[in-house]
Amino acid sequence: MADDATPLLSRRDGAVLTLTLNRPQALNSFDGALHEALIGALKAAAGDAGVRCVVITGAGRGFCAGQDLSDPAIAPDLTPGAAPKDIGKLIEERYKPLALAIHHFPVPVIAAVNGVAAGAGANLALNCDIVLAAKSASFIQAFSKIGLIPDCGGSWLLPRLVGRANAMALALLGEKCSAEEAQRIGLIWRCVADDALATETQALAARLAALPAKALAETRRAFDNADRMGLDGALSLEADVQRRLGMSHDYLEGVSAFFAKRAPVFKDR
Ligand code: T3D
């Protein structure tokens, strides 16, 4: 049962940490307390060698509706002539660190999108390494409808995930994209039946947690670096990374386990 007073619920099952955004009355939109709790939990988990996979999901019928538009610290004063607020500061101080924390997280982060994901809530999910969604979930780049651009990394992520044509339509129109359509265009990895989301997520998290964390983190880094380099550069980077990983315990263990026809036991070294 969700505790309404706690903006973020945290549950540890072995090596898997599940963080549940818990403001269901406002579709888990971000106020200051939720931001602080999520970034704090991610920082703590990044320093905990026992955490080998993180899941982010939402309580109630939504995943996350982005910024809480009624948060008095941020919401525009709708009185005619009132001075505008600096929402750039909010983006710099909250959404940028959040997107970067997930993007550089030492172990895989899964978004288990249980319902609507809108605005920065959609892009919170898209920053994660793997996005699994319930069939009834949806993704909305809600920004254009309130006169803003995709933030929380959306301007960077969208064209990379779905190509410029799809990204433009999603961002300019701000229409609801169903989980099935999101899977079809490559915005997310997969959608599953609503009642299978929790079990599929835990099974996926357990699989990732059992894999060698260094190799997984280097895979993400190689993808990101490939964006900045040509094929020659990417091939050289692959050689450098394989040279390092090839000297690791986990490489020897993986190959030994393959020939011994047993499950490998990785040690992240
Ligand atoms: O300050 C800045 O704006 C800068 C920050 C930018 C980052 C961003 O994320 S900008 C984008 C902000 N998000 C949105 O614009 C989405 C707004 N919400 C919606 O468009 C709809 O709620 C949804 C499409 C997500 C879901 O629609 P629906 O019909 O399923 O639910 P609903 O009835 O609209 O919402 C349920 C409740 O949640 C409702 O409250 P009530 O009437 O029951 O008391 C609604 O007001 C509340 N809610 C939903 N989204 C937000 C919200 N409250 C505050 N902030 C929200 N973003």
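Provided above is the structure to which this section pertains.
Residues numbered from 1 in each chain as written. Predicted model: local features only at pLDDT ≥ 70, side-chain atom pairs only at ≥ 80, totals over all residues. Heavy atoms only, no water.

**Let's talk about the sheet that holds strand β8 (residues 138-140)**
Link 1 in the chain: Spatially, β4-β6-β8-β9 is the arrangement adopted by the four strands of the open sheet, whose pairing is mixed. On the outer flanks of this sheet lie β4 (62-64) and β9 (176-178), each paired with one strand and no other. Mean inter-strand twist for the sheet, computed between neighbouring axes without regard to direction, equals 20°.
Link 2 in the chain: Pairing of β8 with β9, which is carried by three bridges, proceeds in the antiparallel orientation. Within β9, the position partnered with Ser138 by the bridge is Ser178. (Pairing = 2+ DSSP bridges. Helix = DSSP H or I, 4+ residues; strand = E, 2+ residues; numbered from the N terminus. Axes fitted to C-alpha atoms, helices over the stretch in contact; angles between N-to-C directions.)

**A word on the site of the ligand**
Link 1 in the chain: Taken together, the neighbourhood of the ligand is formed by 23 residues, with Arg61, Ala65, Gln67, Leu69 and Ala120 sitting nearest.
Link 2 in the chain: With respect to the ligand, the backbone of Ala65 contributes an N or O atom lying 2.9 Å from a nitrogen atom.
Link 3 in the chain: Separating a nitrogen atom of the ligand from a backbone N or O atom of Leu69 is a distance of 2.9 Å.
Link 4 in the chain: With the chains in place, 63% of the 1000 Å² that the ligand exposes on its own is no longer accessible.
Link 5 in the chain: Elements supplying a minimum of two residues to the shell around the ligand: α2 (87-103) and β6 (116-118). (Near = heavy atom within 4 Å. Polar contact = N/O pair within 3.5 Å; in protein donor to acceptor, adjacent residues only side chain to side chain. Areas by Shrake-Rupley, 256 points an atom, 1.4 Å probe, with all protein chains shown as cover.)

**What to know about the pairing of strand β3 (residues 53-58)**
Link 1 in the chain: Here β3 lies mainly inside the structure; six of its six residues are buried.
Link 2 in the chain: Judged by which residues are buried, β3 turns out to be covered on both faces: Cys53, Val55 and Thr57 on one side and Val54, Ile56 and Gly58 on the other are all buried.
Link 3 in the chain: As judged from the six bridges shared by strand β2 (residues 16-21) and β3, these two strands associate in the parallel manner. Counterpart to Val16 in the pairing with β3 is Cys53.
Link 4 in the chain: Crossover handedness for the path β2 to helix α1 (residues 32-46) to β3: right-handed. (Buried < 20%, exposed > 50% of the residue type's maximum accessible area, 1.4 Å probe, protein only. Right-handed = clockwise from strand over helix to strand, strands pointing away.)

**Details of the pattern of salt bridges**
Link 1 in the chain: In total, this model carries 14 salt bridges according to the counting rule given.
Link 2 in the chain: As a salt-bridge pair, Arg160 and Asp227 come within 2.9 Å of each other at their nearest N and O atoms. Of this pair, Arg160 sits in helix α4 (residues 154-173) while Asp227 is found in the loop between α7 (213-226) and α8 (231-245), placing the two residues 67 residues apart along the sequence.
Link 3 in the chain: Here Arg160 falls in the partly exposed class, since its relative accessible area comes to 44%.
Link 4 in the chain: One salt bridge connects Glu181 with Arg184, and the closest N-O pair in it is separated by 2.9 Å. In this pair, Glu181 and Arg184 both sit in helix α5 (residues 179-185), three residues apart, roughly one turn of the helix. (Salt bridge = Lys/Arg side-chain N within 4 Å of Asp/Glu carboxyl O.)

**Side note on unusual backbone geometry**
A negative phi angle is the norm for most residues apart from glycine, just as the trans form is the norm for most peptide bonds.
Link 1 in the chain: For Lys261, which is not glycine, the phi torsion reads 50° and is therefore positive.
Link 2 in the chain: Residue placement: Lys261 occurs in the segment after α9 (249-260).
Link 3 in the chain: Among the residues examined, Lys261 registers a relative accessible area of 77% and is labelled exposed.
Link 4 in the chain: Phi at Asp268 is positive, roughly 60°, even though this residue is not glycine.
Link 5 in the chain: As for its placement among the helices and strands, Asp268 is situated in the segment after α9.

**Details of the nonpolar core**
Link 1 in the chain: Val54, Val113, Phe139 and Leu187 are the most contacted members of the largest nonpolar core, which has 52 residues in total.
Link 2 in the chain: Residue contributions to this core peak at six residues, all from α1.
Link 3 in the chain: Counting residues in hydrophobic clusters, the runner-up holds 13 residues, among them Cys53, Ala134, Ala205 and Leu208. (Core = buried A, V, L, I, M, F, W, Y, C linked by side-chain atoms within 4.5 Å.)

**Focus: the side chain of Ser138**
Link 1 in the chain: Considering the arrangement of structural elements, one finds Ser138 in strand β8.
Link 2 in the chain: Sequence-distant contacts of Ser138, that is, excluding residues within four places in its chain, are made with Gly115, Val116, Ala117, Lys176, Cys177, Ser178 and Ala179. (Contact = heavy atoms within 4.5 Å.)

**Topic: the sheet that holds strand β7 (residues 130-134)**
Link 1 in the chain: Here we have six strands laid out as an open sheet, ordered β1-β2-β3-β5-β7-β10, and mixed in their pairing. Both outer strands of the open sheet, β1 (8-13) and β10 (190-192), are each paired with one neighbouring strand and no more. Recorded for the sheet is a direction-independent mean angle of 20° between the axes of neighbouring strands.
Link 2 in the chain: Two strands pair when backbone bridges link them, and β7 and β10 are joined in this way by three bridges, in the parallel orientation. In the sheet register, Leu132 faces β10, and the bridge partner there is Arg190.
Link 3 in the chain: Along the sheet, α1 contacts β1, β2 and β3; its crossing angle with β2, the most-contacted strand, is approximately 175°.

By themselves, these figures tell us nothing about what the structure is for.
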